[in-house]
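Commentary on secondary and tertiary structure
The lines below spell out each chain.
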Amino acid sequence: MDPALTWILVGLLLLGAETLLPGVFLLWVGLAAIGTGLMLMLVTPPFWLTVTVFIALLAAGIATALRLRRSDRPRPRVNTPDAGLVGRPGVLVEPNSTGPRVRVGDSDWSARLPRDVAGSPAGTRVRVEGVDGTTLVVRPE
């Protein structure tokens, strides 16, 4: 079998294995093997140069993956108490024995108001400024 086709076939098998196994390491090895096979279709270098091209392509793929992983994009905050609450509007409801309460969406939460507006009546529109445990920090709009 032609060495170029062997490299490409091994690369495709590695890409297929990547879909079955967790992680992304086989992706870079498979792409480097396919790139080496494509290079062998164009030229016929000595074996040591073929291995060098494969290692260089593999290193470039891993470096790209590390650069993408380290990017400065903010990570999504999933399942954190304040992920979907900060900035949302709400309405003060009748306080209970534990203190003020606020309705945000279809849920009632314990609330903490600033001292200057601590006696606000029920029905006052508020905005969530933060979350402290299960207590929402709110301020009137």
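Since we're looking at a predicted model, the values are computed, not measured. (Residues numbered from 1 in each chain as written. Predicted model: local features only at pLDDT ≥ 70, side-chain atom pairs only at ≥ 80, totals over all residues. Heavy atoms only, no water.)

A closer look at the overall build of the protein
Along the backbone of the protein there are three helices and five strands. The linear arrangement of helices and strands in the protein, starting from the amino end, is α-α-α-β-β-β-β-β. Computed over the C-alpha atoms, the radius of gyration of the protein is 29 Å, more than 25% above the 14 Å expected from 2.2 N^0.38 for a compact globule of 141 residues. Considering only C-alpha atoms, the protein reaches an extent of 85 × 25 × 20 Å along its principal axes. (Helix = DSSP H or I, 4+ residues; strand = E, 2+ residues; numbered from the N terminus. Rg over C-alpha atoms; globule rule 2.2 N^0.38 Å.)

With respect to the pattern of salt bridges
As enumerated under the stated definition, the model contains five salt bridges in all. Between R103 and D108 there is a salt bridge, with its nearest N and O atoms 3.4 Å apart. The partly exposed category is assigned to R103, whose relative accessible area is 38%. Judged by relative accessible area, D108 falls into the partly exposed class, the value being 34%. Note that E141 is salt-bridged to R127, the shortest N-O span being 2.6 Å. Of this pair, E141 sits in the segment after β5 (135-140) while R127 sits in strand β4 (residues 125-132), placing them 14 residues apart in sequence. Looking at E141, the relative accessible area reads 52%, which means it is exposed. (Salt bridge = Lys/Arg side-chain N within 4 Å of Asp/Glu carboxyl O. Buried < 20%, exposed > 50% of the residue type's maximum accessible area, 1.4 Å probe, protein only.)

Details of the nonpolar core
Formed by L85, L92, V102, V104, A111, L113, V126, V128, L136 and V138, the largest nonpolar core amounts to 10 residues. Elements supplying a minimum of two residues to this core: β2 (99-104), β4 and β5. Discounting chain neighbours no more than four positions away, the residues touching L85 are V104, W109, V128, V131 and L136. Within the second largest apolar cluster, six residues are counted, among which are W28, V29, A33 and F54. (Core = buried A, V, L, I, M, F, W, Y, C linked by side-chain atoms within 4.5 Å. Contact = heavy atoms within 4.5 Å.)

Some points on helix α1 (residues 3-20)
An ideal rise of 1.5 Å per residue puts 26 Å on 18 residues; α1 measures up with 26 Å between its terminal C-alpha atoms. Turning to α1, its buried residues number three or more, namely A4, I8, G11 and E18. Looking down the long axis of α1, one finds its buried residues gathered within 75° of arc, a one-sided arrangement. Facing away from the buried side of α1, by more than 90 degrees, are the exposed residues L13 and L20. (Expected span 1.5 Å × (residues − 1). Arc of directions from axis to C-beta.)

Some words on the packing of helix α2 (residues 25-42) against helix α3 (residues 47-69)
One way to put it is that α2 packs onto α3 with a least axis distance of 8 Å and a crossing angle of 140°. As far as their axial angle goes, α3 and α2 are oblique. Between α2 and α3 lies a crossing of right-handed hand. Note on element contacts: α3 touches α2 through T50, V53, F54, L57, L58, G61, I62 and A65, opposite F25, W28, V29, A32, A33, G35, T36, M39 and L40. (Axes fitted to C-alpha atoms, helices over the stretch in contact; angles between N-to-C directions. Parallel < 35°, antiparallel > 145°, perpendicular 65-115°, else oblique. Left-handed = near helix turned anticlockwise from the far one by under 90°.)

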